[in-house]
Amino acid sequence: MSKPLIVLTGASSGIGAATARLLSADGHPLLLIARRTERLEALDLPRALCRKVDVTERAQVEQAVAEAEQEFGPADAIVNNAGAMLLGHMADQPVEEWDRMIDLNIKGVLYGVRAVLPGMLARRGGTIINISSIAGRKTFPDHTAYCATKFAVHALSESLRAEVASAGIRVVTIAPGAVETELLSHTSNEQIRTDYEAWKESAGGALDPQVVAESIRYAYRQPQNVTVREIVLASTGQET
Ligand code: NDP
């Protein structure tokens, strides 16, 4: 039997790209969303619709999901993975960086949910996987605004899970510790980047994104009547 469509945001690098490869290898058609479409196309995956979408623009998300569902049938799952970590100090971090994270890490996730949820409710089934962070459960130095957005991802996921449970829809939160991706490179404060790299090294290195992708696949592959509510994973050497 052919496998259903999965929507994956932030598929152009890191955790998203690793997850796209795994889910494609499992035989799923995919909607791959990011702004750098050349990176999506370079993954070269079969039955993968690559769309240039800024997830902070709700209409773009809706349109891409509608197009993919037209081609591959209803979306059985969405992985809301697109996100940014812009570390900084409250007193001098450019406020635009807070705005960017709030728009991307919170509103982007909500828009992804809205794009698939009415259909899932009508079909009474589906899986919503939101990528939060350990920084969505506890705080870290220089992470104030980022933590605020990731705590929001945890909160909205918990609340949504209760709201849609009786419709047979699963909501999963994935909370990784440090993962070796491009994420840190967007932090504008050079000293914070240097300190973070040193912290990762002292922990014996960050997780491989492949490991996080496998945790996403694990949660998705459970029977529909089993919800893995949350997976928290970090490299063994990460103390905090
Ligand atoms: P990357 O920076 O490698 O990936 C981020 C992805 O988000 C890219 O594909 C990027 O694509 C996409 N993206 C960014 N802005 C937008 C936008 N406006 N619209 C659409 N897509 C966008 O980082 P990771 O793989 O590490 O991050 C993935 C998720 O994992 C994030 O939510 C992050 O917070 C979370 N996470 C990461 C950890 C880590 O240590 N790496 C730890 C815990 C959680 P493009 O630029 O092409 O649009």
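Everything discussed here concerns the structure shown above.
A brief look at the structure comes next.

About the criteria used
Residues numbered from 1 in each chain as written. Predicted model: local features only at pLDDT ≥ 70, side-chain atom pairs only at ≥ 80, totals over all residues. Heavy atoms only, no water. Phe/Tyr/Trp six-rings, centres within 6.5 Å; stacked < 30°, edge-to-face > 60°. Helix = DSSP H or I, 4+ residues; strand = E, 2+ residues; numbered from the N terminus. Buried < 20%, exposed > 50% of the residue type's maximum accessible area, 1.4 Å probe, protein only. Near = heavy atom within 4 Å. Polar contact = N/O pair within 3.5 Å; in protein donor to acceptor, adjacent residues only side chain to side chain. Areas by Shrake-Rupley, 256 points an atom, 1.4 Å probe, with all protein chains shown as cover. Nonpolar A, V, L, I, M, F, W, Y, C, P; charged D, E, K, R; others polar. Pairing = 2+ DSSP bridges. Core = buried A, V, L, I, M, F, W, Y, C linked by side-chain atoms within 4.5 Å. Contact = heavy atoms within 4.5 Å.

Focus on the packing of aromatic side chains
In this structure the tally under the stated criterion is 2 aromatic pairs. Ring geometry for phenylalanine 140 and tryptophan 199: centres 6.3 Å apart, planes at 65°, overall edge-to-face. With phenylalanine 140 in the loop between strand E5 (126-131) and helix H5 (144-164) and tryptophan 199 in helix H6 (residues 190-202), the pair connects residues that are 59 residues apart, well separated along the chain. Its relative accessible area of 14% is what places phenylalanine 140 among the buried residues. Members of the aromatic cluster, each reached through a chain of ring pairs, are Phe140, Tyr196 and Trp199.

Comments concerning the site of the ligand
Close contacts around the ligand come from 28 residues, with Ser13, Arg35, Tyr146, Val179 and Thr181 the closest. Contact between the ligand and valine 55: a nitrogen atom at 3.0 Å from a main-chain N or O atom of the residue. In isolation the ligand exposes 880 Å². Once the protein is present, 96% of that is buried. Residue assignment for the shell around the ligand shows that the elements contributing at least two residues are helix H1 (14-25) and H5. When the residues that make up the shell around the ligand are grouped by side-chain class, the tally is 13 nonpolar, 10 polar and 5 charged.

Thoughts on the pairing of strand E6 (residues 169-176)
In terms of burial, E6 is largely enclosed, as 8 of its 8 residues are buried. Of the two faces of E6, the one carrying Ile169, Val171, Thr173 and Ala175 and the one carrying Arg170, Val172, Ile174 and Pro176 are both buried. Where E6 and strand E7 (residues 230-233) come together, 4 bridges link them in parallel fashion. Within E7, the position partnered with proline 176 by the bridge is leucine 233.

A few points about the nonpolar core
Counting residues in hydrophobic clusters, the biggest one holds 42 residues, and the most contacted among them are Leu31 and Ile128. At the level of secondary structure, the elements contributing two or more residues to this core comprise strand E1 (5-9), strand E2 (30-34), helix H3 (58-72), strand E4 (75-80), helix H4 (95-123), H5, E6 and H6. Among the elements that take part in this core, H4 stands out by supplying 7 residues, more than any other. Not counting residues up to four positions away in its chain, the partners in contact with leucine 31 are Leu5, Ile6, Val7, Leu8, Leu49, Arg51, Ala64, Val65 and Ala68.

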